[in-house]
Amino acid sequence: MQNPGHKLSNTIHRERGWRRHQRASRLVCCAVKLCACETVTSESVKGVMALSALARALGSLSLSASSNVAQRVRPAPLLSQTVKQATELCRYSSLPCSRLLLTVRKTSFCFGTQLQPWRGILTSAALCQNSTRWKQRTKYTIRPIGKKKTGGRDHTGKIRTHGIGGGHKQRYRMVDFQRLHFEAGKESEFFEEKVIEVRYDPCRSADIALVAGGSRKRWIIATENMQVGDVIKTSRTIGRMAVSANEGDSYPLGALPIGSLFNNLEIYPGKGAQYVRAAGTCGVLLRKVNGTAIVQLPSKRQIQVLETCMATVGRVSNVDHNKRIIGKAGRNRWLGIRPSSGLWQRKGGWAGRKIKPIPPMKSYVNLPSAAAAAGTTS
Amino acid sequence: MFKVVLHGVKSNEPMLLAVQIGNAARSAFLNYSHRRRCDVGGRRFFSVTCSLFGRGPPSRKEKKIVDIPGLERVTYADRMHFVPGLAKPIFPEWQRDWHDPHHYRGPNNEEMELHKENPCYVFNQRTKILEGVRQALWLTKSKLIQGLPEHILSLAEDPANQIEDQDERVQQAIRHSRFWDTTALRPKRDRFCPVLLRDLLHLCGTLQVKHTSLSKRILAENYRVAALWNRESDVFQVRGLNGMLLNSMTSLPAVAQSGEVLATENHTLETFYPISPTIDLQCTYVYDQKNDTGFRDGYPFPHPHTLFFTETEDSAAKFKPEQLRAKMIMFAFGNALARAKSLYGEHPQVLEHPVVVQSIATDGRLFQFIVLQLNTTDLGPDTGVKNLVWMDQDQLLYDYAKCRPLIKKKVVTVPAGLSGYQPETFKKFLALHLHGAV
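Residues numbered from 1 in each chain as written. Chains lettered and ligands numbered in written order. Predicted model: local features only at pLDDT ≥ 70, side-chain atom pairs only at ≥ 80, totals over all residues. Heavy atoms only, no water.

Caption draft 1: Broad picture of the interface of chain B and chain A. The interface of chain B with chain A comprises 16 residues on the first partner and 16 residues on the second. Approximately 1500 Å² of surface area, both sides summed, lies buried where chain B meets chain A, with 53% of it carried by carbon and sulfur atoms. Where chain B meets chain A, there are two salt bridges. Aspartate 280 of chain B serves as the salt-bridge partner of lysine 217 of chain A, at 3.1 Å between the closest nitrogen and oxygen. Our count for the chain B to chain A interface comes out at six residue pairs in polar contact (both at pLDDT 80 or more). Among the residues making up the side of chain B that touches chain A, the classes are represented as six nonpolar, four polar and six charged. (Contact = heavy atoms within 4.5 Å. Buried area = accessible area lost by both parts, 1.4 Å probe. Salt bridge = Lys/Arg side-chain N within 4 Å of Asp/Glu carboxyl O. Polar contact = N/O pair within 3.5 Å; in protein donor to acceptor, adjacent residues only side chain to side chain. Nonpolar A, V, L, I, M, F, W, Y, C, P; charged D, E, K, R; others polar.)

Following this line, the structure appears as structure tokens:
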């Protein structure tokens with residue numbers, strides 16, 4: 001019976017990384033199955049075949065300390081188990097154990113440009129430095145959560161974005177961007193909340209405010225003149241007349257008067273604010289067109305969204321954020337910004353200031369097309 | 001447009017050429033992305049695979065397992081290894097056949113015996129309520145009066161009730177707790193705070209020679225109180241370890257007379273819209289409806305006299321003064337209500353003989369005094385007779401107790417040792433202690 005391991009091990013050499021390891025471990029499993037194979041009667045033959053298969057498997061494994069392999073060493077205990085099983089079997093065989101082990105070493109040496117003589121198998125736990133479990137929390141809390149820094153590295157461990165690393169430790173405060181978020185079982189047309197605290201947030205340029213309403217507290221992005229003790233209103237009704245909105249209140253775009261400044265804009269109703277959240281920014285409501293609203297974002301780009309999308313009135317807090325002077329390189333390092341490469345690089349067409357026309361208006365509304373409307377009526 | 005430029009590629013075999021072109025394109029792509037140092041969005045690379053554009057770890061799409069009643073899924077369970085064409089078997093959830101306390105999942109709330117439909121809002125020893133004293137007053141249906149009652153304060157002014165060398169002995173007690181009770185330079189707060197309290201109580205206890213009824217009291221620690229009441233269709237409870245309780249054989253006399261008590265009917269409780277009074281309270285659906293003073297029947301010292309709170313180093317237990325006062329009110333009320341229900345029954349009523357409980361909280365330097373008179377157990381409606389709370393807040397016993405002098409610009413601003421002693425605070429402490437015995 002041709003050793004299945006032989007063919008497989010040759011192909012394994014050409015493969016890389018975790019896939020190679022996976023196939024090698026499958027090969028080891030084959031070796032174990034061989035031991036349990038009932039068709040081969042002689043114990044000694046079984047033992048020899050198992051060990052040679054095992055040797056080839058180990059020869060295909062590269063035991064260099066690459067992080068990819070280290071992370072996926074889940075079959076490592078299986079590996080040690082198979083070694084144990086194979087050695088147990090060879091105990092029962094007629095051939096002396098030492099000779100078998102020698103052959104194992106020889107075969108391993110033949111295939112073993114990758115395999116160091118008996119360096120051992122990695123049995124430690126997987127690296128947890130880059131685990132993202134800190135952000136898997138689903139339950140909302142106002143307690144700040146410890147945050148792991150990535151250093152600009154992605155899931156493979158390589159730098160994806162340069163210039164990020166170090167900086168002061170930060171704790172993440174879960175900010176509720178969905179302003180129209182009712183308390184469990186207390187849905188209504190509008191509700192009010194009181195501002196308890198306005199404080200600095202290390203994770204963003206704007207300040208955040210702790211507001212309490214009903215029996216719950218939550219963090220929201222603070223607006224420019226938000227003080228402790230203010231009462232802010234969140235409403236979802238769109239009346240015929242536009243509402244005279246106070247700063248900090250949140251209404252659907254359809255309820256706001258034209259020309260009002262807003263921040264924390266939703267582009268899909270109920271999804272939560274995604275635009276105009278940075279310090280000192282504000283958008284302008286340009287016009288309202290049958291069921292949709294056209295707004296201008298701080299980049300002067302115009303977009304069209306449904307009028308039921310919520311927005312908060314006023315400018316975002318920390319208005320002088322862009323006027324701050326860093327002053328020294330150290331302050332940038334405290335913010336987690338690493339220096340850029342000093343290598344002089346020939347700049348191509350991508351460099352330099354570009355003066356372009358504003359891109360056309362983007363619509364986030366799926367209006368029924370004229371053809372579809374004609375199809376339904378006819 | 002991006003071009004694949006192959007330098008020095010000479011090969012007759014088409015397979016190798018394709019591989020070399022692929023490698024060249026791939027390396028060119030990687031070089032480009034490295035030079036740009038950002039994502040390569042905006043450029044189309046047709047000759048490399050889409051796996052290079054992967055932003056994160058490969059996402060595993062979970063296949064939905066559709067259960068069709070007539071058709072049986074053919075799985076590879078029997079084969080004991082993966083077989084490409086067959087479905088993944090679903091095994092029953094493995095249960096450990098012995099009880100492992102480290103891996104025990106308790107029953108759901110709905111399966112518990114004490115599960116109820118209406119939630120209960122529980123105030124425990126770690127609760128810090130947002131609105132502080134205002135919220136505590138609403139919850140206990142009480143009216144606040146600033147300052148302690150005069151007839152209690154007059155007890156300490158009487159020279160017959162004062163201790164010999166009172167001020168000197170109190171200062172010695174402060175020095176003992178703040179300076180002498182350690183081999184290190186200065187003792188920590190969770191050491192000097194209870195030591196000071198015990199020393200002051202000992203001083204007050206020396207008056208037993210003159211007033212024998214002072215001996216009919218006992219201190220109790222680590223007892224758990226439980227009190228339950230309904231307030232405007234919500235159920236509230238006060239539970240847990242609170243502090244050190246001074247129990248006495250005789251009950252405290254009522255502080256406010258019936259006229260004043262009936263006058264509280266006109267008082268309206270302060271609300272704090274938009275915040276609900278149940279904020280920061282622990283909302284639970286599994287609770288036991290019990291009223292328990294913490295002591296068994298037949299205990300020789302049944303009447304709660306004074307509740308003492310000390311501050312600890314535990315960060316979870318650090319209270320701001322406003323929250324600490326709220327906690328004092330709530331636990332004094334809890335003790336009073338449990339006692340009233342054990343004396344007069346569960347039925348909500350206006351009490352003929354109001355129950356009075358005092359409370360003192362300290363952090364070693366600042367003292368808060370509260371006297372609570374429970375006039376009614378009918379706490380459901382907002383109207384009617386209210387309970388009364390007298391409060392004296394933030395009383396300093398001394399200004400500074402410095403181990404090392406504070407020197408600013410070579411001038412001693414605060415000398416070492418005890419400075420700024422205020423005798424009034426201990427007089428109030430003594431007065432509250434003597435209340436009920438004199």
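Caption draft 2: Spatial organisation of the UniProt feature "domain: Large ribosomal subunit protein uL2 C-terminal" (unreviewed entry) in chain A. As recorded in UniProt, the sites labelled "domain: Large ribosomal subunit protein uL2 C-terminal" (unreviewed entry) are residues 245–364 of chain A. The span residues 245–364 of chain A carries 5% helix and 24% strand; its end-to-end C-alpha distance comes to 25 Å. (UniProt positions renumbered as here; feature names shortened; annotations may be inferred. Helix = DSSP H or I, 4+ residues; strand = E, 2+ residues; numbered from the N terminus.)

Caption draft 3: Fine view of the sheet that holds strand 5 (residues 234–241) of chain B. Residues and elements named next belong to chain B. The strand order 4-5-1-7 describes an open sheet built from four strands, whose pairing is mixed. Two strands in the sheet have a free side with no partner beyond their single neighbour: strand 4 (224–231) and strand 7 (282–286). Here the strands of the sheet are splayed against their neighbours by 30° on average, with no regard to which way each runs. Two elements, strand 1 (residues 115–123) and strand 5, share four bridges in a ladder whose sense is parallel. Within strand 5, the position partnered with valine 122 by the bridge is glutamine 237. The sheet contacts of helix 7 (residues 321–344) involve strand 1, strand 4 and strand 5, and relative to strand 4 the element is tilted by about 90°. (Pairing = 2+ DSSP bridges. Axes fitted to C-alpha atoms, helices over the stretch in contact; angles between N-to-C directions.)

Caption draft 4: Fine view of the environment of valine 365 of chain A. Residues and elements named next belong to chain A. In this structure, valine 365 sits in the loop between strand 13 (362–363) and helix 8 (370–377). Taking the relative accessible area as the measure of exposure, valine 365 reaches 11% and is therefore buried. Along the backbone, valine 365 and arginine 333 are 32 residues apart, and their C-alpha atoms lie at a distance of 42 Å. (Buried < 20%, exposed > 50% of the residue type's maximum accessible area, 1.4 Å probe, protein only.)

Caption draft 5: Layout of a positive patch on the surface. Taken together, the side chains of Arg137, Lys139, Arg143 and Arg171 of chain A define a basic patch exposed on the protein surface. What makes arginine 143 of chain A partly exposed here is its relative accessible area of 48%. (Patch = residues over 30% accessible without salt bridge, like charges linked within 9 Å, V, L, I, M, F, W, Y side chains within 5 Å. Areas by Shrake-Rupley, 256 points an atom, 1.4 Å probe, with all protein chains shown as cover. Lys, Arg positive; Asp, Glu negative; His and termini not counted. Charge placed at Lys NZ, Arg CZ, Asp CG, Glu CD.)

Caption draft 6: Seen up close, the side chain of threonine 278 of chain B. Looking at where threonine 278 of chain B falls in the secondary structure, it is placed in the loop between helix 6 (258–263) and strand 7. Accessibility expressed as a relative area gives 5% for threonine 278 of chain B, which makes it buried. Side-chain polar atoms of threonine 278 of chain B contact the side chain of serine 215 of chain A, separated by 2.8 Å. For threonine 278 of chain B, the residues in contact, after removing those within four places along its chain, are Ser215 of chain A together with Tyr121, Gln135, Asp234 and Phe236 of chain B.

Caption draft 7: Examining the sheet that holds strand 9 (residues 350–362) of chain B more closely. Residues and elements named next belong to chain B. One open sheet accounts for seven strands, arranged 2-11-10-9-8-6-3; its pairing is mixed. Only two strands of the sheet have a single neighbouring strand rather than two, namely strand 2 (142–146) and strand 3 (217–220). When strand polarity is set aside, the average angle formed by the axes of neighbouring strands in this sheet is 20°. Contacts from helix 2 (residues 133–140) reach strand 2 and strand 11 (387–396), with the element oriented near 135° to strand 2. Taken strand by strand, helix 7 contacts strand 6 (244–248), strand 8 (303–310), strand 9, strand 10 (366–376) and strand 11, and its axis lies near 35° from that of strand 10.

Caption draft 8: Geometry of the packing of helix 5 (residues 189–205) of chain B against helix 8 (residues 423–434) of chain B. All names here are of chain B. At their nearest, the axes of helix 5 and helix 8 sit 10 Å apart, and the two run at 60° to each other. By the criterion of interaxial angle, the relationship of helix 5 to helix 8 is oblique. For the pair helix 5 and helix 8, the sense of crossing is right-handed. Contact with helix 5, carried on its side by Leu197, Leu200, Leu201, Leu203, Cys204 and Gly205, involves Phe426, Phe429, Leu430 and His433 of helix 8 and no other residues of that element. When grouped by side-chain class, the residues that make up the contact of helix 5 with helix 8 number eight nonpolar, two polar and no charged. (Parallel < 35°, antiparallel > 145°, perpendicular 65-115°, else oblique. Left-handed = near helix turned anticlockwise from the far one by under 90°.)

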